[in-house]
Amino acid sequence: MLSNLRESLPSRRPQLLAECRRLGSCSLAALLDGLGMELGEFYRVAGCWALLQRELGWGAAAASGEPTADEERLGRGIAGGLLHLDDSERLRWLVDQLQRPVAPDPAGLDLCAERQWRMLLAQLWGNGRNHVPLAEALVRLWAASAIRAELVELLELLLERTTHLVAPLDWPALAAGEPAPPVPLMLHGRYSRAEVFAAFGLLNEARPFPGREGVFFDEASRCDVFFITLKKSERLFSPTTRYNDYAISPREFHWESQSLTREASSTGQRYIHHHARGSRVLLLVREENRRGGVTLPFLCLGFSEYVSHEGERPMAIRWRLQRAIPGAFYPELAVAV
């Protein structure tokens, strides 16, 4: 029955356009309800809600003419990079900011706000060779008013459909009175790799490429960050990087270090003695790299404390999480592959 229902959904753009015309001009939420489609399914077929409305002749977008190169690029960024956003505080902030009449001036932003914008713009414009400097990216986004309207509508919809709670990261203090670093990540929020690098201030004009490694140490915040993919694809991971990672319980996680890490190395010693040496360990986990052709985000499990380890090259380390994994996420993280 589920298979028959899925086959009845519009799976190609001409079919989707016909269904939209049948339903008539409406909001994105009303259209999804009328079509019986999930956001991911809709964007996989439609590509861009603003440009779809223009093609249908709906609303203000109908008089805007052919899409510009920026509109097409931003539309792809929305479809491929924003549907995982689930931090209600971040969503509200973005909805408010995107409705302001003038693009923000990067010179007037505090560090946390700057990083929030870089997180969003990395998903919209891309990074690496596709990176657009912050000031220019904001001005060009404000010029694409139809895209901003789509962003507001989408982010409000994501806010309504958020199914779990996130909480501020409780940064372990390394010194009395030390403020928390300006890293806008939330416990149990979902983030892409580029968003995490942007949140740590490591994705900018001087460094437009996010790292590809599974771990990095941020000297400014004294934080080791682990990107953990549980189900390792033979095509994407070599035998030396298919580590045995899984949740032992809602409060403990088994993780294998990089293949050459020795117990006596500076990295191995920092992992073991991180508390005494004044550093933190942050875990970000996803079940697999891609699903349905979409790159999956990482779930932020928060900070952890060293418990024990076995062996080396790699080191198999047992970590105790500061906060338990929510019950809804635990089953998919508990199976080692």
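Residues numbered from 1 in each chain as written. Predicted model: local features only at pLDDT ≥ 70, side-chain atom pairs only at ≥ 80, totals over all residues. Heavy atoms only, no water.

Once that is clear, we can look at the overall build of the chain. Counting secondary structure elements, the chain contains 13 helices and 12 strands. By its C-alpha atoms, the chain is 65 × 55 × 35 Å across when sized along the principal axes. Looking at the chain residue by residue over its 337 residues, the buried ones come to 48%. When the accessible area of the chain is evaluated, it comes to approximately 16200 Å², of which 51% is carbon and sulfur surface. Taken as two groups, the 39 positive and 41 negative side-chain charges of the chain have centres that lie 4 Å from each other. (Helix = DSSP H or I, 4+ residues; strand = E, 2+ residues; numbered from the N terminus. Buried < 20%, exposed > 50% of the residue type's maximum accessible area, 1.4 Å probe, protein only. Areas by Shrake-Rupley, 256 points an atom, 1.4 Å probe, with all protein chains shown as cover. Lys, Arg positive; Asp, Glu negative; His and termini not counted. Charge placed at Lys NZ, Arg CZ, Asp CG, Glu CD.)

Take the packing of aromatic side chains next. Each aromatic ring pair is specified by the distance between its two centres and by the angle formed by the two planes. Tallied over the full model, the rule gives 19 aromatic pairs. Ring centres of Trp171 and Phe200 lie 6.3 Å apart, and the angle between their planes is 65°; on these two criteria the pair is classed as edge-to-face. Pair noted here: Trp171 is in the loop between strand S1 (167-168) and strand S2 (186-187) and Phe200 is in the loop between helix H11 (193-199) and strand S4 (215-218), with a separation of 29 residues, a long-range link. Judged by its relative accessible area of 10%, Trp171 is buried. Three or more aromatic residues joined by ring pairs make a cluster, and in this case those are Trp171, Phe197, Phe200, Phe216, Phe227, Phe298 and Phe303. Directly above the ring of Phe227 sits Arg193, whose terminal nitrogen or CZ lies 4.5 Å from the centroid. The ring of Phe217 is capped by Arg270, whose NZ or CZ atom sits 4.0 Å from the centre of that ring. (Phe/Tyr/Trp six-rings, centres within 6.5 Å; stacked < 30°, edge-to-face > 60°. Lys NZ or Arg CZ within 6 Å of the ring centre and 35° of its normal.)

Relative to the assigned elements, Leu111 resides in helix H8 (residues 111-125). The exposure class of Leu111 is partly exposed, given its relative accessible area of 43%. With 90 residues separating them in the primary sequence, Leu111 and Gly201 have C-alpha atoms 8.6 Å apart.

Another point: the nonpolar core. In this structure, Phe42 and Leu124 are the most contacted members of the largest nonpolar core, which totals 49 residues. Setting aside residues no more than four positions away along its own chain, Phe42 makes contact with Leu16, Leu28, Leu31, Leu32, Met37, Gly47, Trp49 and Leu52. Membership of the second largest hydrophobic core comes to 27 residues, among which are Met119, Trp171, Ala199 and Leu282. (Core = buried A, V, L, I, M, F, W, Y, C linked by side-chain atoms within 4.5 Å. Contact = heavy atoms within 4.5 Å.)

To continue, consider the side chain of Gln97. Counting through the fold element by element, Gln97 comes out in helix H7 (residues 88-98). We classify Gln97 as buried; its relative accessible area is 12%. In contact with Gln97, not counting residues within four places along its chain, are Trp117 and Trp142.

Further remarks concern the side chain of Ser257. Here Ser257 shows up in the loop between strand S7 (252-256) and helix H12 (266-272). In this structure Ser257 comes out as buried when scored by relative accessible area, which is 0%. Reaching out from Ser257, the side chain makes a polar contact with the backbone nitrogen of Met315 at a distance of 2.8 Å. (Polar contact = N/O pair within 3.5 Å; in protein donor to acceptor, adjacent residues only side chain to side chain.)

Cis geometry marks the peptide bond from Arg313 to Pro314, where omega comes out at 5°. Secondary-structure assignment places Pro314 in the loop between strand S11 (298-310) and strand S12 (316-321). Within the chain, His188 stands out as a residue other than glycine whose phi angle is a positive 70°.

The next thing to look at is the pairing of strand S8 (residues 280-288). Burial analysis of S8 places 8 of its 9 residues in the buried class, the great majority of the element. In terms of strand pairing, strand S5 (residues 223-231) meets S8 through 8 bridges, oriented parallel. Its bridge partner being in S8, Ile228 is matched across the sheet by Val285. Strand direction decides the pairing type here: S8 and S11, joined by 4 bridges, are antiparallel. (Pairing = 2+ DSSP bridges.)

Let us look at the pattern of salt bridges. Under the defined criterion, the tally for this structure stands at 20 salt bridges. With a shortest N-O distance of 2.4 Å, Arg318 and Glu252 are connected by a salt bridge. Taken as a pair, Arg318 in strand S12 and Glu252 in strand S7 lie far apart in primary sequence, 66 residues in all. One connected set of salt bridges, linked through shared partners, spans Lys231, Glu287, Glu288 and Arg291. (Salt bridge = Lys/Arg side-chain N within 4 Å of Asp/Glu carboxyl O.)

Here we take up the packing of helix H3 (residues 28-35) against helix H10 (residues 145-160). Following both chains from N to C, one finds H3 and H10 inclined at 60°, their axes separated by 10 Å at the closest point. The orientation of H3 with respect to H10, classified from their angle, is oblique. Mapping the contact onto sequence places Leu28, Ala29 and Leu32 in H3 and Glu153, Leu154 and Leu157 in H10. The residue makeup of the contact of H3 with H10, split by class, is 5 nonpolar, no polar and 1 charged. (Axes fitted to C-alpha atoms, helices over the stretch in contact; angles between N-to-C directions. Parallel < 35°, antiparallel > 145°, perpendicular 65-115°, else oblique. Nonpolar A, V, L, I, M, F, W, Y, C, P; charged D, E, K, R; others polar.)

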